[in-house]
Amino acid sequence: MSKVENLASIIDRFGPHLHDEPIGGWSAERKVDKMVPTHCPYCGMQCGMNLLVEKNHVVGVEPRYDFPVNEGRLCPKGVTAYLQTHHPDRLEYPLIKQNGNFERASWDEALDLIVAKFKGLQEKYGKDSIAVYSGSSLTTEKTYLVGKFARLGLQTRYIDYNGRLCMASAAGGNNKAFGIDRAANPWSDIPHAEVLIIAGANCAETFPILNGFLWKQRDNGGVWIVIDPRETATARQGDLHLQLKPGTDVAVANGILNVLINENLIDQAFIDSRTNDWEAARAAALNYPPDVASEISGVPAGKIIQAARLYGRAKTGMIMHARGIEHHSNGTENVLSYINIALATGKIGSEGRGYGTITGQGNGQGGREHGQKADQLPGYRSMLNPEHRKYIAEVWGIDESEMPEPGVSAVELFNKMREGEIKGLLSICSNMMVSLPDTNQVRKSLEGLEFNVCIDFFMSESARYADVVLPGTTWSEDEGTTTSGEGRVIKINQAIDPPGEARHDWRALQEIAHRMGRGKYFQFESPREIFDELRVASKGGKADYFGVTYEKIDKQDGVFWPCPTEESTGTPRLFEERFAHDDGKARFHAIEYKGAAEKPDEEYPLIFTSGRIVHQYLSGNQTRRIGFLVQQCPEPFVEMHPETAMRYKINDGERVKVISRRGEGIFPALVVKTIRPDTIFIPYHWGEELAANQITNAALDPTSKIPEFKACAARLEKIHTRELPILGEVRKGTSQNEVQKGK
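Residues numbered from 1 in each chain as written. Predicted model: local features only at pLDDT ≥ 70, side-chain atom pairs only at ≥ 80, totals over all residues. Heavy atoms only, no water.

**Q** Outline the packing of helix α9 (residues 249–262) against helix α12 (residues 290–297), listing residues and values.
**A** Where α9 contacts α12, the two axes come as close as 9 Å, and the packing angle between them is 170 degrees. Here α9 lies roughly antiparallel to α12, going by the angle between them. Crossing geometry of α9 relative to α12 is assigned as left-handed. Across the interface between the two elements, Ala251, Val252, Gly255, Asn258 and Val259 from α9 touch Pro290, Ala293, Ile296 and Ser297 from α12. (Axes fitted to C-alpha atoms, helices over the stretch in contact; angles between N-to-C directions. Helix = DSSP H or I, 4+ residues; strand = E, 2+ residues; numbered from the N terminus. Parallel < 35°, antiparallel > 145°, perpendicular 65-115°, else oblique. Left-handed = near helix turned anticlockwise from the far one by under 90°. Contact = heavy atoms within 4.5 Å.)

Structure follows, in structure tokens:
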């Protein structure tokens, strides 16, 4: 059974420990052997950077001025990313858990054990008793290979990935409305928009480099309308802030559309010539006059009217959103309600007129296109489409009947572990004990497994539950492609060799497949060979990469897909002439407000929401080991309005208990006027007792299967404590254990 028995010992040995200097220490006398152009491993901006290499060690970083996205800028995470490469916590040899402790093993010992256990489970319980759970920070080559590995190497239907927790609702909305899932415009279109609607996206903290494009738009006289429950750093820079209750985006968007209709600010010619199903969407919007939308959302009706007039009267405008509107049990409908606004005004398909999601993970776009989703095959093909199955089966050299059926989404995958249907797991590039909702249930899922394998380069909170941990590689030790949030395919270049006995992740998967007797399907000698097969597999699909080559990426500073032929230079802007549905038209959707699956009540009177901060990346497995980043924010906090604090008699900095129907945690209070009095907020980058996801609700969007991270009912409870510092200082005083004993 996959349990954690010696947690203190594991943490002492594998961290996270704080580290703040390059290998060999700081020195001005270094002799840099080479400078390797590549891209940041973190968010969907994929900023260009040069890694400085000395004697096969990455010893520094410089931003790339030649890459048109960041033009010489890096955020705090990007500047320090190279420090993870030679971090003392790196896993450099395979580990097998024995008597609760991880013991060093050879690759042969680890691989033999994995294959023996997987074969044993599949003989006893069937092929589908093994699941694969992957991630979107991998290169696109690896994400392609993971999907093929699950379906051909292990012959299981059960595979999904952590992008399900990120952009799945955006994908659902894009596919329904446009027939394709990609941002409509390149970032360079942003400065040309007169008005920006930024919904559920705190760009200033979570996409700092994107802010450069936003500020250029401001310099051109542009206006920002920010829709967010918190007065974030982005909202404070905006011209109009609609501070809605979490989970009420549909009401606000329909309210805006209502005003656009009634004040004749729509583009009827565009609607008639380029869209379908307008009348139903129009009728739905008419049910949400500003006073009704205000009553639901808490946004003053006057601000809804003002937003509609600003956007509707402008000649150009763009709508951008992120997880704030997507992480809901109606996330896809939230997305569609904003798309309705863009379509009704005809503001899409040209410079400064567009729509798009701001992708979270580094390869969040490419990682969701080529087959590691439960219901998807490479090229954004569907596992439910017989022609799509047949095409991929031919590329892979199998009969279509050998292709497994679609599996289930991420949360459902872990449900099946608790139900006993899934007995074994191979995870890669994921830290589900931080990132999945309701982590107390996730822990039960992992503890119930009969065999658990993890591939990672750090010992994450989730890897602690594994029976075997294989040492993988960082982004600087391998090559491949990623696709940024604007749909630009870029190239990651290898700077150094993997340290110790660490191996490229794709080679580890291939080796397992070979030992499972499925090696003939995995005869790759390099990422380029994987990419070349991916290009063929994607040919003719919605996400067509056939014309993308490593050489073309280098020559053009990236290639925007679709790029269907070797002669094509790619497609930076979509929808200039037609949308991707068969008839070339976009589709409106009639959306009614439903709200969150769990609403506040007498027992849990507050709305809990979660999000990110500038100094941490996703589950924090990489960034919580960098001393500088941790020093800026050493632990999560619960943000609350002064009125809320007064009601519960809570002082700023005081530790308080946050409780939902699923779990509870103790966090220091951060009392600020920038959040609604009915809402509390916790950043989610930490694990174990500091995990915000102890509290969140695993209710799923019916289309995207994304969990409801952004809205659930919660309450505060005052505990015996003393005031403590929060940010920028090493915490002193009462430990959580002492607090619990005091209670």
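Continuing now.
**Q** Can you lay out unusual backbone geometry for me, pointing to particular residues and giving the numbers?
**A** With omega at 20 degrees, the peptide bond leading from Gly15 into Pro16 counts as cis. Position of Pro16 relative to the elements: it lies in the loop between α1 (7–14) and β1 (34–39). The omega angle of the peptide bond from Trp561 to Pro562 is 0 degrees, so this bond is cis rather than trans. Unusually for a residue other than glycine, Cys429 sits at a positive phi of about 60 degrees. With respect to the helices and strands, Cys429 occurs in the loop between β16 (424–428) and α18 (432–435). For Cys429, a relative accessible area of 22% puts it in the partly exposed group. Although it is not a glycine, Leu618 adopts a positive phi angle of roughly 45 degrees. Position of Leu618 relative to the elements: it lies in the loop between β23 (606–611) and α23 (627–632). Residue Leu618 is classed as buried on the basis of its relative accessible area, which comes to 15%. (Buried < 20%, exposed > 50% of the residue type's maximum accessible area, 1.4 Å probe, protein only.)

**Q** Quick rundown of the sheet that holds β1? Include the residues and the values.
**A** Across a sheet, paired strands are connected by hydrogen bonds in the backbone, their directions being either parallel or antiparallel. Spatial strand order, β1-β2-β3: three strands in an open sheet with antiparallel pairing. The strands lining the two open edges of the sheet, one partner per strand, are β1 and β3 (57–63). Strand-to-strand twist in this sheet, taken as the mean axis angle between neighbours without regard to direction, amounts to 30 degrees. The pairing of strand β2 (residues 48–54) with β3 spans six bridges and is antiparallel. (Pairing = 2+ DSSP bridges.)

**Q** Summarise the nonpolar core; cite the residues concerned and give the values.
**A** Nonpolar side chains in soluble globular proteins tend to be buried together. Ranked by internal contacts, the top residues of the largest apolar core, which has 112 residues, are Phe178, Ile227, Ile256 and Leu470. Leaving out residues up to four positions away in the same chain, Leu470 has contacts with Pro94, Trp107, Ala110, Leu111, Ile114, Cys454, Ile455, Asp456, Ala508 and Ile512. (Core = buried A, V, L, I, M, F, W, Y, C linked by side-chain atoms within 4.5 Å.)

**Q** Explain the sheet that holds strand β21 (residues 559–560) to me, using residue names and the numbers behind them.
**A** Ordered in space as β19-β20-β21, the three strands form an open sheet in which the pairing is antiparallel. Strands at the two margins of the open sheet, each flanked by one partner only, are β19 (480–483) and β21. Across four bridges, β19 lies against strand β20 (residues 488–492) in antiparallel orientation. Of the residues in β20, the one forming a bridge with Thr482 is Ile490.

**Q** Describe the pairing of strand β18 (residues 468–471), listing the residues and the values that go with them.
**A** Side chains Val468 and Leu470 of β18 all project onto a buried face; the interleaved residues Val469 and Pro471 project onto the opposite face, where all are buried too. Both strand β4 (residues 95–98) and β18 contribute to a ladder of two bridges, which runs antiparallel. Across the sheet, residue Ile96 finds its bridge partner in β18, namely Val468. The pairing of strand β17 (residues 451–456) with β18 spans four bridges and is parallel. Pairing of Val453 across the sheet is with Val468, part of β18.

**Q** Requested: an account of helix α15 (residues 331–345), with residues and values cited.
**A** Over its 15 residues, α15 extends 22 Å from the first C-alpha to the last, a length consistent with the 21 Å expected when each residue adds 1.5 Å. Within α15, 14 of the 15 residues are buried, which leaves it mostly tucked inside the rest of the structure. Once α15 ends, the next one or two residues include Gly346, with phi positive near 70 degrees. (Expected span 1.5 Å × (residues − 1).)

Structural measurements only, silent on function.
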